[in-house]
Structure formats: C-alpha cells, structure tokens
Amino acid sequence: MIAYITVKGTSVRCPRKNHTLLPYVLSYARELFDVVVITDDDELEGIAKEYGVAVYKDKNTHKISEFHAIYGYLAEQGKLDKDEEFVILPVTQPLRTEDTMKAVRDLDMTGYDVATTYTVISNRGIFLLNEDNTFKVDSYNRKGCMCKEEKMADGSMYKMRNSFLRDIVESEDTNHEFWHSRMLWVENTHPMFLDVDTPKDLRIFNLIRER
C-alpha cells in the first residue's frame, strides 16, 4: 500500500524541523509501505532518495495542504478516479507504533470514508490558567484523581481512497468535508503523543530519539 508523506522545506515556527523528522519517519515507514515523498525542497528530496523511496517535486508544497499536495500528484498520475486506498503519514506526528501502522494499513474500510488515529491522554483541564493566573476551572479539589484519561484525535495516520480525497479537495470546505465524513478510529498505541510545532517540541523529539 502507498503511504504519502508531504514535507515542505520551510517552517516559520521551527526552522528545518522536517529535515530532522523525515529521516526518522522514513526509517520505519519504508518497511511497511511503498512510500512517496511530496516536497518542494531539494535537500528533502535528497534525503528521500537516500532511503530509496519515490519522490514527487511540487514547488507549491509549502503553501497548500497535504490533501491538495497528494491530489496534485494523483491528478498528474491519472489516478484520481481509481478506487485505490492509501495512507498519509504526517512527519510532525512521528511517534506511532508498528502495530498501529499495521492496524490502519490492514483495515477493512467498507462503509467508511476515512480511518484515522487517536491517542489517550490525561485531561488536566482543572490545572489550566487564565491570563491573570487564576484557574480556568473553578475547583478546590486538585487531586491527581481528577486527571481523567480522555481520547483525542492525534493525526498520526490517515487512510482513505483516491475518490474520497477528490471529494475533500473539490468541496467548498475541505475541513468540514473531512471531519464530518464516516470515520473509523484506531488507537495509536505509542505511549507518548507529540506534535512537533515549536523548537521545544523538536528538542523533546530529539531527546526521545536519543534515549
């Protein structure tokens, strides 16, 4: 099964983060999928080729969504109308287990538009602060037992068909079309959730990788 990874060369909040994240994701993704990297960056293209995966250069990757980037690739390949399934592996959510990837890859999508992953996190909302450093939740009970576990969409993987991707991109509101579809959920069994958006996130990722 094909796995698409879209990576742009520039990141305002965390410069060059994709140059760190892409090799890590490719190191395990290529063992389970036929990977296609879509990028606008020569150096990222070189990294992908070093790992022996296919590359599609799209100079607009930095200013379009991953859905639009994959749509452009499928359109050029003449595959938009084919009823083929694929997965998306965002590099900014790099922590996913092999069992999770296999579970998503092997899902029966009958009756569903898209499959995506969720993680279980501790809801610590009672400890969130307002700008004046008062608690957002008015509670005198700050015991640890108040921190309940909750499910949260983590965006570490998506699985869909070419035809559904076309429906998303060609709709008037891509977010509404996606999140109001018939969704199938799979737990990401990795013990940590990390969305790499800032330099601090990247430092945490590097620490996890080193340890």
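Residues numbered from 1 in each chain as written. Predicted model: local features only at pLDDT ≥ 70, side-chain atom pairs only at ≥ 80, totals over all residues. Heavy atoms only, no water.

**Q** Hey, could you run me through the pairing of strand E5 (residues 114-123) in this one?
**A** Along any regular strand, the residues point their side chains to alternate faces of the sheet. Pairing geometry for E5 and strand E6 (residues 148-161), over nine bridges, is antiparallel. The residue bridging Thr116 from the neighbouring strand is Tyr158, located in E6. Pairing of E5 with strand E7 (residues 183-187), which is carried by five bridges, proceeds in the parallel orientation. Opposite Tyr118, over in E7, you have Glu187 as the bridge partner. (Pairing = 2+ DSSP bridges. Helix = DSSP H or I, 4+ residues; strand = E, 2+ residues; numbered from the N terminus.)

**Q** How should a nonpolar patch on the surface be read in this particular structure?
**A** There is a patch of nonpolar side chains on the surface, built from Phe127, Leu129 and Phe135 and spanning about 250 Å² of accessible area. Exposure remark for Phe135: the relative accessible area of 39% places this residue in the partly exposed category. (Patch = residues over 30% accessible without salt bridge, like charges linked within 9 Å, V, L, I, M, F, W, Y side chains within 5 Å. Areas by Shrake-Rupley, 256 points an atom, 1.4 Å probe, with all protein chains shown as cover. Salt bridge = Lys/Arg side-chain N within 4 Å of Asp/Glu carboxyl O. Buried < 20%, exposed > 50% of the residue type's maximum accessible area, 1.4 Å probe, protein only.)

**Q** Help me out: how do you make sense of empty space enclosed by the protein in this one?
**A** Taken as a whole, this structure holds one cavity of 30 Å³ or more when the rule is applied. Approximately 60 Å³ is the volume attributed to the largest cavity. For the lining of the largest cavity, the class distribution of residues is four nonpolar, four polar and one charged. (1 Å grid on protein atoms, 1.4 Å probe; cavity = no way out; pocket = protein on both sides within 12 Å on 5 of 7 lines; lining within 4 Å. Points joined across faces, edges and corners; volume = space filled by probe spheres on them. Nonpolar A, V, L, I, M, F, W, Y, C, P; charged D, E, K, R; others polar.)

**Q** What exactly am I supposed to notice about the environment of Phe164 here?
**A** Looking at where Phe164 falls in the secondary structure, it is placed in helix H5 (residues 162-169). We classify Phe164 as buried; its relative accessible area is 7%. In the structure, Phe164 is positioned 81 residues away from Asp83 in sequence and 9.0 Å away in space, judged by C-alpha atoms. The contact partners of Phe164, leaving out residues within four places of it in the chain, are Asp113, Val114, Glu177, Phe178 and Ser181. (Contact = heavy atoms within 4.5 Å.)

**Q** Mind showing me how you'd approach helix H1 (residues 17-29) here?
**A** Residues that lie three or four places apart on an α-helix share one face, since the helix turns once every 3.6 residues. Between its first and last C-alpha atoms H1 spans 18 Å; for 13 residues at 1.5 Å apiece the expected length is 18 Å, and the two agree. Burial of H1 is extensive: eleven of the 13 residues sit out of reach of the surface. Among all positions in H1, only Lys17, Asn18, His19, Thr20, Leu21, Leu22, Pro23, Val25, Leu26, Tyr28 and Ala29 are buried. (Expected span 1.5 Å × (residues − 1).)

**Q** I keep staring at the layout of surface pockets and nothing clicks. Help me out?
**A** To find leftover empty space, one rolls a probe the size of a water molecule over the atoms. What the largest pocket holds in volume is close to 770 Å³. Thr6, Ser65, Glu66, Pro90 and Thr92 are, among the 29 residues lining the largest pocket, the residues nearest its centre. Elements supplying a minimum of two residues to the lining of the largest pocket: strand E1 (2-7), H1, helix H3 (66-77), E6 and helix H6 (174-179). Broken down by class, the residue content of the lining of the largest pocket amounts to ten nonpolar, twelve polar and seven charged.

By themselves, these figures tell us nothing about what the structure is for.
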